[in-house]
Amino acid sequence: MSADSFRPDSNAVDSRPVVRVWDVALRYGKTVALDTVNVEVRAGTLVGLIGPDGVGKSSLLSLIAGARAVQAGKVEVLDGDMSDARHRRAVAPRIAYMPQGLGKNLYPTLSVFENIDFFGRLFGHGRSERERRIGDLLQSTGLAPFAHRPAGNLSGGMKQKLGLCCALIHDPDVLILDEPTTGVDPLSRREFWKLIGQIRSGRPGMSILVATAYMEEAEEFDQLVVMDTGRVLDIGSPGELLRRTGAASMESAFIALLPEEKRRSHRIVEIPPRDESEDGQVAIKAENLTKRFGNFVAVDHVNFEIRRGEIFGFLGSNGCGKTTTMKMLTGLLPASEGEAWLFGQPVDPRDLETRRRVGYMSQSFSLYSELTGRQNLELHARLFRLPADEIPVRVQGMIERFDLATVADVLPNNLPLGQRQRLSLAVALIHQPELLILDEPTSGVDPVARDGFWQTLVELARRDGVTIFISTHLMNEAERCDRISLMHAGRVLVSDAPAALIEERGAESLNDAFIRYLEDALQQEKASGAEATATGVSTGPSASQAHHEPQGPRLSRFDFRRMFSFARREALELRRDPIRGTLALLGSVILMFVMGYGISLDVEDLTFAVLDRDQTTTSRDYVLNLAGSRYFIEHEPISDYADLDRRMRSDELSLALEIPPGFARDLARGRQVQIGVWVNGAMPQRAETVRSYAQGMHAHWLSQQGSKTPWRTAGGRLANIETRFRYNPDIKSLVAMVPAVIPLLLMLIPAMLTALSVVREKELGSIINFYVTPATRLEFLIGKQLPYIALAMLNFLLLVLLAVTVFGVPLTGSFLTLATGTLLYVSAATAVGLLISTFMRSQIAAIFGTAVLTILPATEYSGIIDPVSSLEGTGRIIGELYPTTHYVTISRGVFSKALDFSDLAMSFIPLLLAAPILLALTAALLRKQEH
Amino acid sequence: MRAANIFHLGIKELRSLWRDPIMLVLIVYAFTLSIYTRATAIPETLNKAPIAIVDEDRSPLSARIASAFYPPYFLPPELITQAAMDARMDAGLDTFALVIPPEFQSDLLAERRPAIQLNVDATRMSQAFVGSGYIQTIVTDEVRTFAQRYRDAAVLPVDLALRVRFNPTLNKSWFAAVMQVINNITMLSIVLTGAALIREREHGTVEHLLVMPVTPFEIMTSKVWAIALVVLVASSISLTAVVQGMLAVPLQGSLALFLAGTALHLFATTSMGIFLGTLVRSMPQFGLLLMLILLPLQMLSGATTPRESMPEIVQQVMLAAPNTHFVMLAQAILYRSAGLDVVWPQFVALALIGTVQFGLALSRFRRTIGESA
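The shown structure was predicted, so the numbers you read here are calculated from the model rather than taken from an experiment.

Enquirer: Sorry if this is basic, but what is going on with the overall build of chain A here?
Expert: Assigned secondary structure in chain A consists of 34 helices and 24 strands. Relative to a compact globule of 931 residues, whose C-alpha radius of gyration would be 30 Å, chain A shows 37 Å and is clearly more extended. Its C-alpha atoms give chain A principal-axis dimensions of about 125 × 75 × 55 Å. Across the 931 residues in chain A, those meeting the buried criterion constitute 60%.

Enquirer: Please explain the overall build of chain B as it appears in this structure.
Expert: Each helix and strand in chain B was counted, giving 15 helices and five strands. Its C-alpha atoms put chain B at 95 × 45 × 40 Å along the principal axes. Going through the 373 residues of chain B one by one, you find that 61% of them count as buried. Counting only contacts in chain B whose residues sit at least 6 apart along the sequence, the fraction spanning at least 24 positions is 79%.

Enquirer: Honestly, the pattern of salt bridges in this entry has me stumped. Any pointers?
Expert: For side chains bearing opposite charge, pairing can occur when the charged atoms are close. All names here are of chain A. Considering all chains together, one arrives at 70 salt bridges over all chains under this definition. Where Arg189 meets Glu217, a salt bridge forms, and the shortest distance between an N and an O atom there is 3.3 Å. With Arg189 in helix α6 (residues 186–202) and Glu217 in helix α7 (residues 215–218), this pair connects stretches of sequence that are 28 residues apart. Grouping residues by exposure puts Arg189 and Glu217 together as buried. Here Glu573 and Arg760 are joined by a salt bridge, their closest N and O atoms 3.6 Å apart. Pair noted here: Glu573 is in helix α20 (residues 560–575) and Arg760 is in helix α27 (residues 733–764), with a separation of 187 residues, a long-range link. Taken together, the shared-partner salt bridges connect Arg569, Glu570, Glu573, Arg760, Glu761 and Lys784 into one network.

Enquirer: Could you clarify how one ought to interpret the packing of α27(A) against helix α30 (residues 815–837) of chain A in this entry?
Expert: A packed helix pair is summarised by two numbers, namely the angle formed by the two axes and the spacing between the axes. All names here are of chain A. Where α27 meets α30, the closest approach of the two axes is 7 Å, and the angle between their N-to-C directions is 40°. Between α27 and α30, the interaxial angle falls into the category oblique. Crossing handedness for the pair α27 and α30: right-handed. Seen from α27, the contacting residues are Pro743, Leu746, Met747, Pro750, Ala751, Thr754, Ala755, Val758, Val759 and Lys762; seen from α30, they are Thr822, Tyr825, Val826, Ala829, Thr830, Val832, Gly833, Leu834 and Ser837. Here the contact of α27 with α30 is built from residues that sort into 13 nonpolar, five polar and one charged.

Enquirer: Before we go on, may I ask you to explain the sheet that holds strand β3 (residues 96–100) of chain B in this structure?
Expert: In a beta sheet, neighbouring strands pair by backbone hydrogen bonds and run either parallel or antiparallel. In space, the five strands of this open sheet follow the order β24(A)-β4(B)-β3(B)-β1(B)-β2(B), with mixed pairing throughout. Each edge of the open sheet carries a strand with a single partner, namely β24 (720–726) of chain A together with β2 (78–79) of chain B. Sheet topology places strand β1 (residues 51–55) of chain B next to β2(B); two bridges connect them, and they run parallel. Each bridged residue has a counterpart across the sheet, and for B:Ile53 the counterpart in β2(B) is B:Leu79.

Enquirer: What exactly am I supposed to notice about the pairing of strand β2 (residues 31–42) of chain A here?
Expert: In summary, the side chains of a regular strand alternate between the two faces of the sheet. Residue and element names in this part refer to chain A. With eight bridges connecting them, strand β1 (residues 17–28) and β2 associate as antiparallel partners. Among the inter-strand pairings, Val24 is bridged to a residue of β2, identified as Val37. In this structure, the hairpin formed by β1 and β2 is closed by a connection of two residues, where Gly29 is found at a positive phi of approximately 60°.

Enquirer: Would you explain the sheet that holds β2(A) in this entry?
Expert: All names here are of chain A. In spatial order, the strands read β2-β1-β4; together these three strands make up an open sheet with antiparallel pairing. Unpaired on one side and paired on the other, β2 and β4 (72–77) mark the two borders of the sheet. Strand-to-strand twist in this sheet, taken as the mean axis angle between neighbours without regard to direction, amounts to 15°.

Enquirer: What is the right way to look at the nonpolar core in this model?
Expert: The nonpolar side chains of a soluble globular protein tend to be buried with one another. Residues and elements named next belong to chain A. Counting residues in hydrophobic clusters, the biggest one holds 242 residues, and the most contacted among them are Ile116, Leu164, Leu175 and Met592. Ranked by the residues each element gives to this core, the list is headed by α27, at 17 residues. Apart from the residues within four sequence positions on either side, Leu164 is in contact with Met98, Leu175, Leu177, Phe192, Leu195, Ile196 and Ile199. Within the second largest apolar cluster, 98 residues are counted, among which are Val269, Ala283, Val302 and Met361.

Enquirer: Where do I start with the interface of chain B and chain A in this structure?
Expert: Accessible area lost when the parts come together is the quantity often used to give the size of an interface. Between chain B and chain A, the contact holds 114 residues from the first and 118 residues from the second. Interface area, chain B with chain A, both sides summed: about 11000 Å², of which 63% is carbon and sulfur. Along the contact surface separating chain B from chain A lie five salt bridges. Note that A:Asp645 and B:Arg165 form a salt bridge whose closest N and O atoms lie 2.6 Å from each other.

Enquirer: Whenever I open this one, unusual backbone geometry confuses me. Can you help?
Expert: Peptide bonds are, in most cases, trans, and in most cases residues other than glycine have a negative phi. Residue and element names in this part refer to chain B. With an omega of 5°, the peptide bond between Pro71 and Pro72 qualifies as cis. One non-glycine residue with positive phi stands out, namely Arg113, at about 50°. By the element assignment, Arg113 lies in the loop between α6 (104–109) and β4 (115–121).

Enquirer: Teacher, can you tell me more about the domain arrangement of chain B here?
Expert: Domain boundaries in chain B define domain 1 (2–42 + 168–372) and domain 2 (51–148). Domain 1 of chain B and domain 2 of chain B are separated by 48 Å when their C-alpha centres are compared.

Enquirer: Whenever I open this one, the side chain of A:Gln160 confuses me. Can you help?
Expert: Looking at the element boundaries, A:Gln160 is found in helix α5 (residues 156–168). Those residues in contact with A:Gln160 that lie beyond four places of it in its chain are A:Met98, A:Leu102, A:Gly103, A:Glu179, A:Pro180, A:Thr181, A:Val184 and A:Phe192.

Enquirer: I tried to follow α27(A) on my own but got confused; where do I start?
Expert: Each α-helix turn comprises 3.6 residues. Residues three or four places apart therefore point the same way. With 32 residues, α27(A) should reach 46 Å at 1.5 Å per residue; the first-to-last C-alpha distance of 44 Å fits that figure. With 29 of its 32 residues buried, α27(A) lies for the most part within the structure.

Enquirer: Help me understand the confidence of the model for chain A in this model?
Expert: Detailed reading of the predicted coordinates is not advisable wherever pLDDT is low. All names here are of chain A. Across chain A, the average pLDDT comes to 84, with 93% of residues at or above 70. Within chain A, no element has a lower average pLDDT than helix α26 (residues 712–715), which sits at 41, and none a higher one than α30, at 95. Per-residue pLDDT stays below 50 along residues 530–554; that stretch engages in 48 contacts with residues further than four places along the chain or on separate chains. Segment residues 710–715 is flagged for pLDDT under 50; beyond a separation of four residues in sequence, or across chains, it makes nine contacts in the model.

Enquirer: Looking at this structure, how should I read the domain arrangement of chain A?
Expert: Once the domains are mapped, chain A shows domain 1 (3–107 + 174–263), domain 2 (561–596 + 732–925) and domain 3 (606–710). Of note, the centres of domain 1 of chain A and domain 3 of chain A, computed from C-alpha atoms alone, are 88 Å apart.

Enquirer: What am I meant to see in the pairing of strand β18 (residues 483–488) of chain A here?
Expert: All names here are of chain A. Taken across its six residues, β18 has six buried, putting it largely inside the fold. Here β18 shows no split at all, with Arg483, Ser485 and Met487 on one side and Ile484, Leu486 and His488 on the other all buried. Judged from the four bridges that link them, strand β12 (residues 311–315) and β18 form a sheet pairing that is parallel. Across the sheet, residue Phe312 finds its bridge partner in β18, namely Arg483. Across five bridges, β18 lies against strand β19 (residues 491–496) in antiparallel orientation. By the bridge assignment, Ile484 is partnered in β19 with Asp496. Joining the antiparallel neighbours β18 and β19 is a turn of two residues, in which Ala489 adopts a positive phi near 45°.

Enquirer: Could you clarify how one ought to interpret the side chain of B:Ser238 in this entry?
Expert: Mapping B:Ser238 onto the fold places it in helix α10 (residues 216–246). Once residues within four sequence positions are removed from consideration, B:Ser238 is found in contact with B:Phe31, B:Ile35, B:Val181 and B:Val243.

Enquirer: Quick question: what am I supposed to make of helix α29 (residues 777–805) of chain A here?
Expert: For α29(A), which comprises 29 residues, the first-to-last C-alpha distance of 42 Å matches the rise-based estimate of 42 Å (1.5 Å per residue) to within 8%. Residue A:Leu786 marks the point of greatest curvature in α29(A), where the axis turns by about 25°; the proline A:Pro787 follows within four residues.

Enquirer: Looking at this structure, how should I read the packing of aromatic side chains?
Expert: Centre distance and the angle of the planes are the two values used to describe a pair of aromatic rings. Residue and element names in this part refer to chain A. Per the counting criterion, the structure on display carries 34 aromatic pairs over all chains. Between Phe558 and Phe560, the ring centres sit 5.2 Å apart and the planes meet at 75°, which makes this aromatic pair edge-to-face. Measuring from ring centre to ring centre gives 4.7 Å for Phe901 and Phe908, while their planes differ by 50°; the resulting arrangement is tilted. Through successive ring pairs, a cluster of aromatic residues spans Tyr107, Phe118, Phe119, Phe566, Phe770, Tyr771 and Phe780. Sitting over the face of the ring of Trp341, Lys285 holds its NZ or CZ atom 5.5 Å from the ring centroid. A cation over an aromatic ring shows up here: Lys928 above the ring of Phe770, its NZ or CZ 4.8 Å from the ring centre.

Calculation rules
- Starting afresh in each chain, residues are numbered from 1 along the sequence in its written order.
- The naming scheme follows written order: chains are lettered A onward, ligands numbered 1 onward.
- Totals for whole chains, interfaces and linings use all residues, but because this is a predicted model, local features are given only for residues with pLDDT of at least 70 and pairs of side-chain atoms are given and counted only at 80 or more.
- Excluding hydrogens and water, the side-chain figures rest on all heavy atoms present in the structure.
- Helical segments are the DSSP runs of H or I of at least four residues, strand segments are the runs of E of at least two, and each set is numbered from the N terminus.
- With C-alpha atoms as the basis for the radius of gyration, the globule rule is written as 2.2 Å multiplied by the number of residues raised to the power 0.38.
- Here the term buried applies to any residue with accessible area under 20% of the maximum for its type, exposed to any over 50%, and partly exposed to those in between, with areas from a 1.4 Å probe on protein chains only.
- What makes two residues a contact is simply this: any of their non-hydrogen atoms within 4.5 Å.
- Whenever Lys or Arg places a side-chain nitrogen within 4 Å of a carboxyl oxygen from Asp or Glu, that contact is recorded as a salt bridge.
- Convention adopted: a line fitted to C-alpha atoms gives each axis, helices being fitted over their contacting stretch, and angles between N-to-C directions are expressed from 0 to 180 degrees.
- Oblique is the label for any angle not under 35 degrees, not over 145, and not in the 65 to 115 range, which are roughly parallel, roughly antiparallel and roughly perpendicular in turn.
- Here a crossing is taken to be left-handed if its near helix is turned anticlockwise relative to the far helix by less than a right angle, and right-handed if that turn runs clockwise.
- Residue polarity is assigned by list, with Asp, Glu, Lys and Arg as charged and Ala, Val, Leu, Ile, Met, Phe, Trp, Tyr, Cys and Pro as nonpolar; anything else, Gly included, falls into the polar class.
- Should DSSP find at least two bridges between two strands, the strands are taken to pair.
- Residues belong to a common nonpolar core when they are buried Ala, Val, Leu, Ile, Met, Phe, Trp, Tyr or Cys residues joined through side-chain atoms within 4.5 Å.
- Each of two parts loses accessible area, computed with a 1.4 Å probe, when they are put together; buried area is these two losses added.
- By convention here, the domain bounds are inherited from an automatic or database domain assignment.
- Expected helix span is given by 1.5 Å per residue-to-residue step, counting one fewer step than there are residues.
- Along the chain, pLDDT gives the predictor's confidence residue by residue, from 0 to 100.
- Bend angle per residue: angle between axes fitted to the 7 residues ending at that residue and the 7 residues starting there.
- Each pair of aromatic rings taken from Phe, Tyr and Trp, with Trp reduced to its six-membered ring, is defined by centres within 6.5 Å and is described as stacked if the planes are under 30 degrees apart, edge-to-face if over 60, and tilted in the remaining cases.
- Any Lys NZ or Arg CZ that is within 6 Å of a ring centre and within 35 degrees of that ring's normal is treated as a charge sitting over the ring.

Printed below as a string of structure tokens:
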């Protein structure tokens, strides 16, 4: 277990250690991921980390790669401490890291070539150099024919090869591969290792660290580090480990190495032979079952028959059509062609009766994470309409049978995977189905729990006669089935008992037999001229890597080539993402319409009616004065107070007038008269406008009357107030609002897009490429920002065009001034988004966070509604600092006030400073490692 | 038996919501703090408007006028020169600039009807229109009081007896509080149903339901009733405790009638939430879509600005949105104490829109749900 026990292998070219890990520990919150781990890797060796999911393999590899920060202990790679940022930068070009998850560090919308090209640019290769290297890599991996296919459309095996190409583009000395072959078909897996072998013979000094969950694969490695729950159980060559434990296979060696309390529950799975006499009854039958998604054929004329009480397995790689076939059988997906029968009945999604006879467990152990185990069981029991009095008994029975008593009232997400899997099975069995469909029920579960699960399955099949249809990508599970179908690329290659398949091909193991069937299938495909599929056979020269002259890595502080590499990739991705692209272009236009019309303060076409008790020409003249204006529309006269009340209540009238009897007579005699006015106050803003219009019209009528009648001197004005509405003489809302809405939109949308662009990478995992490459923070940030600045400028042009044409808002000042101000402003807005992204972990948080953090200061404190000079306290400070304030001044100045650069210079200075300050702040806060 | 499924699934929905702290916080926030702050923070139309005075008269009267402007309606006026006025208005420092000409006081007393010039920055709609009215009144009053010391100034012969119905003091928080409740009812019902559906899809539990003897209709109806119930209960508590209680807004009409209308509205919006949930593949996409859907729904429904001020075409289009009818209904019942005899057209419209929405959502839900996982 100590470093000494790690003896250099005979293959090693020299025994210099390249990786040293001392007493390393790692915690995620309360969870201990690694607990005092010591490991050493020498140059030129292939070292494997083995153990089930969640034991700390990936954490250890990410520490060694420098993607994750060291918490405790010491990690030395290539003669330097990985806690030292300078050393990490210096050695980054010599380390290559391929994280777990098929194609996790790849960009799915970018083509194969574009992906490798991006990495080449990051490592500073020139154009010809890059093209030569990419050409070589594509040749030797057999990816050349697919150079222009988007990475997201590749099969699992091809994605792994592409990941390898991206890792190898810069000739690393240490290659770190985290579960590179999980979920890949056996032929691709064999080819992958062949490829690794070729690379090693081409570059004998290179050390490779691999994590794997396939124990049989590990037998080929030089050294193995056996891990469980954050600890190293043993280190040694495969031969040594087998000898020490006296086990026949790596899997049993692993179980033997486990601590006593974990091993205790383990029993070797024994499968009693099936009683053949029940044969003849068919549980599932599929005939030419086919599913197409667009042009893609996911399942291609599949035929099989499963008999009652049989354990039937589907064996194949990820994405070969296992899940789709199962979904068609359960009625979740309609078949494009062909037919399937359950218990002799054609599959019909509307047939609720057949569903009661089937139990289904989907890939992700789908349980309601917000319900406890018991509540999950009860809900399913009710939905299957078990008699209410039977439910508690049945639920209790399941809890006892699956040993869930201690965890029945815990939420599923707090359970270890193995228990969650048992709970999931219990849920699928609550209604005692005759047929159980299990989609990869054991993925990620450790070997002991897996064997326990199989014990249960065997019991169900043999004792209770339940038919079990199970899919898996593990050979040793497939071997336990009564019969299996080998699946590849949507087709069933062959179906038979596992032993019979091995015998028929004269193979040593099921794995070999599968590979031979796959090879046959590929031969046939080639013969029939069909399009080559996932497994391109590598034909390239084995030493193609050898003639690369290692190029001195560029380590300048700021490299424009790396920056443009990020910019180029971001632009390509954005162009291929319909939702973000739509938001970027259409979003602002839609919101501009909404706000332009929605925030309108114009109040026109107000309804009014009159209760005229005078009925003289004077009173009618008064009413006409109102009705003739563009603000008011007259409705039919009011008959009495009840009528007035009713019509106001129904919102028919905004204003009601009552002209008293004798109005004209009293007025002529110069006697004081009073007109009754009722304003509908349900909507205060409208009411206020109505009131001031009514007062204005009244004054206007009086002054008109004044010139005709003798009482004018009495009410004459003492002084005149001449009001000049400047910049917007017609006082139109749109003229006032549009130049203010543009700054709001040019803040909100660019900031949200940039915030998303960084957080998206965090969520999808490709941020690792930034962690482990020599790129600096500023290169990464500015590279990301550039495409969005360009997009925001395009948006700006669109909005200005819309403002001038559709909304009819004149642009009176200098367009060049406005465009310059906009460029500075959107640089700041995108930088605000980047700054926000450093705090956010999920995309949904980034969306709402950015919305709140940009809309609030922009609308409340930036002079869009109330001028900044009216604000006080914090609001005033925010207002003075926030870039929107200054851009609103520029926008209004240019649109409405006919200003140009010389008038607005004072507003440009803060904008000029904003983007650099924000970027510097972001760079200081952005982490170059996962913490 | 179907009703039992809908019931049990709905209970599951309620339990899920109960265990989702973020959504609970959102609900509580939306129906308490959000309404309270919105109602109390709403500025009066005229709030500390910046005004500058160019005083070329320098008389007791002009000093008297300048001292008549003070907070909260106006900031204390800046005394500036004619030359500075244009630059300050261009830079957006002042909304109003009042120019008092030389010899203003003496001209006034000599009954020569002198003119004061009021410059208004009309790009600032929120202050320009109402503010200039206030300034006119203030200046006229000051001038009249001043003049009255020297001679009789008669009152106008025709008086307007202005009465504002339903909200006599035009208290804006009355309006804002209820409209905020309405906006939050719409927002929450869409967000909660959409998120509930997407969560089930992301966890793969919806396909689990579909292999059981449960129909898509039952799954969807269970979400609709459960979330509508939560929002209905929360909004009625909010209306009584926060709006009537803490904010002391007098609500006029029948609360029961309003809640009946709310239930109909929720039928439409929860269905809309499901519909949107089927359009997207992940929560981030849902978030982006919400931005483009919620904002127009709220801003153009008549809850922020009057429908009359929108272009005819926008008014027509918005009649297809449930919000528009819900806002009309809420204003009629809660402010003007209208009864069913007045608001029945809105009830009919909401029921129709809800049925169409539900149908659309159900057909999309059926079509996409299998392929989504």
